[in-house]
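Chain and residue survey
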Amino acid sequence: MSENSTITMKEIAQELGVSVATVSRALQNNSRISQEQRERIQRYASEHNFYPNALAGALRHMKQEPVRIIGVIIPQITHYYFSTILSGIEEEASLRGYRIMVAQSDERYEREVRICQSFLENHVCGVIVSQAKDTTQYDHFQQLMDMKVPLVFYDRICTGLNTNRVVVDDYQGAFTAVSYLIETGCQRIAFYGSSMRMEISKNRYNGYRDALLKAGMRPDESLYFECDTHEKAEEITPTLLSRADRPDAVFAVNDDTAIGILYTAKRMGLHVPEDLSICGFTNGERAIACDPKLTTVEQRGHRVGEEAVDILVDHVEGTIPMAKVEKRVVRTRLIIRGTTRNKQISEPPLD
């Protein structure tokens, strides 16, 4: 048996010369088994990547076939974009005969590691995940791959591993948005982005930068800020808008940040979009709840979720070989509303 193969209780029992019942009781820490024997069996199981199936007890007495479970890790369930992805995942999984087990990492690496361990213990057939902001080590994802558990990343991909992924065209979305700001007369465009450790932030920044360069405008590093929350946007924007050389437009990495900029500009007596144009990235519900309504790049989270399930299930069912890495890109589109000049409706057809 290879180091990364799964092992059964029967195989553990045969290897250690005990009964399956003894192995089962030892793994449950049953006092009927001596402490020495329990530790011996538990140690062997751990060394050979054996995890008791936590669903087995619940399913043992069911007459129908056990359901097939997909593990899903969401950074923040309350985030509009992630909730739309989750909706797409659940609907597509159900259509294909699967159920989902959802866990929230709350943007914490340690919690993400524990969730992956829990998914292994529950014998999920695959995992769909968007990594936490502070994740820089990937052993927990590598372990899933070593255990032959299909893994699909969405939105925030793990660049340290060659894995399946579904992303939106972050670069093109940003390039199109900033190009539009330039076309409407904006000359000094600031960028509010996430940590450059994340691929999505790099891609959106590169789209922003290349749009400026294409228009013959030199990027000004003093107009770049690491800011991706509403709260931080309200904290740092007053200083920016008080500068003598203040920007006449801001492109933000997400809608919440863009709306924080909008609220701050209005409190300072600036008119949007006459004095300041603002563009976000998401097209969540808040984009049409603010005044004026927010120009933004639509991410189409539901489609992202559907594509992630398609890849994973095709791997599980053998339609796509396990060795093949599938990479898909979902198109974005710019939705033009009231926070940018020359408002008009622009909704090109999508695939």
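Look above for the structure.
Conventions we followed
- Residues numbered from 1 in each chain as written.
- Predicted model: local features only at pLDDT ≥ 70, side-chain atom pairs only at ≥ 80, totals over all residues.
- Heavy atoms only, no water.
- Helix = DSSP H or I, 4+ residues; strand = E, 2+ residues; numbered from the N terminus.
- Buried < 20%, exposed > 50% of the residue type's maximum accessible area, 1.4 Å probe, protein only.
- Contact = heavy atoms within 4.5 Å.
- Areas by Shrake-Rupley, 256 points an atom, 1.4 Å probe, with all protein chains shown as cover.
- Lys, Arg positive; Asp, Glu negative; His and termini not counted.
- Charge placed at Lys NZ, Arg CZ, Asp CG, Glu CD.
- Core = buried A, V, L, I, M, F, W, Y, C linked by side-chain atoms within 4.5 Å.
- Pairing = 2+ DSSP bridges.
- Axes fitted to C-alpha atoms, helices over the stretch in contact; angles between N-to-C directions.
- Disulfide = S-S within 2.5 Å.
- Parallel < 35°, antiparallel > 145°, perpendicular 65-115°, else oblique.
- Left-handed = near helix turned anticlockwise from the far one by under 90°.
- Nonpolar A, V, L, I, M, F, W, Y, C, P; charged D, E, K, R; others polar.
- Polar contact = N/O pair within 3.5 Å; in protein donor to acceptor, adjacent residues only side chain to side chain.

Tallying secondary structure elements over the chain gives 12 helices and 12 strands in all. Along the three orthogonal principal directions, the C-alpha set of the chain runs to about 80 × 40 × 35 Å. The burial tally for the chain puts 50% of its 351 residues in the buried class. When contacts within the chain are restricted to residue pairs at least 6 apart in sequence, long-range pairs at least 24 apart make up 70% of them. A total of about 16800 Å² of accessible surface is found on the chain, and carbon and sulfur atoms cover 46% of it. Side chains of the chain carry 42 positive and 48 negative charges; the gap between the two charge centres is 2 Å.

Nonpolar side chains tend to gather and get buried jointly when the protein is soluble and globular. Within the largest apolar cluster, 65 residues are counted, with the highest numbers of intra-cluster contacts made by Ile 128, Ile 189, Tyr 208 and Phe 251. Not counting the four nearest positions on each side in its chain, Ile 189 is found in contact with Val 178, Leu 181, Ile 182, Tyr 208, Leu 212, Leu 223, Asp 248, Ala 249 and Phe 251. Counting 20 residues, the second largest nonpolar core, distinct from the first, contains Phe 119, Leu 144, Met 147 and Val 167.

Let us look at the sheet that holds strand 1 (residues 68-74). Strand order in this open sheet of six strands is 2-1-3-4-5-11, and the pairing throughout is parallel. The sheet terminates laterally at strand 2 (98-104) and strand 11 (327-330), the two strands that pair on one side only. Sheet twist, expressed as the mean angle between neighbouring strand axes with direction ignored, is 20 degrees. Pairing of strand 5 (residues 164-168) with strand 11 involves four bridges; the strand directions are parallel. Its bridge partner being in strand 11, Val 166 is matched across the sheet by Arg 328.

Turning our eyes to something else, we now look at the state of the cysteines. If you walk through the whole model with that rule in mind, you get zero disulfides. No disulfide involves Cys 186; its sulfur sits 10 Å from the nearest other cysteine sulfur, which is in Cys 279. Cys 227 forms no disulfide, and the closest cysteine sulfur to it belongs to Cys 279, at a distance of 15 Å.

Relative orientation of the contacting elements helix 5 (residues 80-95) and helix 12 (residues 301-316) amounts to 45 degrees, with a least axis distance of 7 Å. The angle between the axes of helix 5 and helix 12 places the two elements in the oblique class. Note on packing geometry: the crossing formed by helix 5 with helix 12 is right-handed. Between helix 5, through Tyr 81, Thr 84, Ile 85, Ser 87, Gly 88, Ile 89, Glu 91, Glu 92 and Ala 93, and helix 12, the contact on the second element is made entirely by Gly 301, His 302, Val 304, Gly 305, Glu 306, Val 309 and Asp 310. For the contact of helix 5 with helix 12, the class distribution of residues is six nonpolar, six polar and four charged.

To continue, consider the environment of Thr 22. Structurally, Thr 22 can be placed in helix 2 (residues 20-27). Along the backbone, Thr 22 and Ile 41 are 19 residues apart, and their C-alpha atoms lie at a distance of 9.0 Å. If near-sequence neighbours (up to four positions away) are discounted, Thr 22 is found in contact with Ile 33, Gln 37 and Ile 41. In terms of polar contacts, Thr 22 uses its side chain to reach the side chain of Ser 19, at 2.9 Å.

As far as function goes, none of this settles anything; it's purely spatial.
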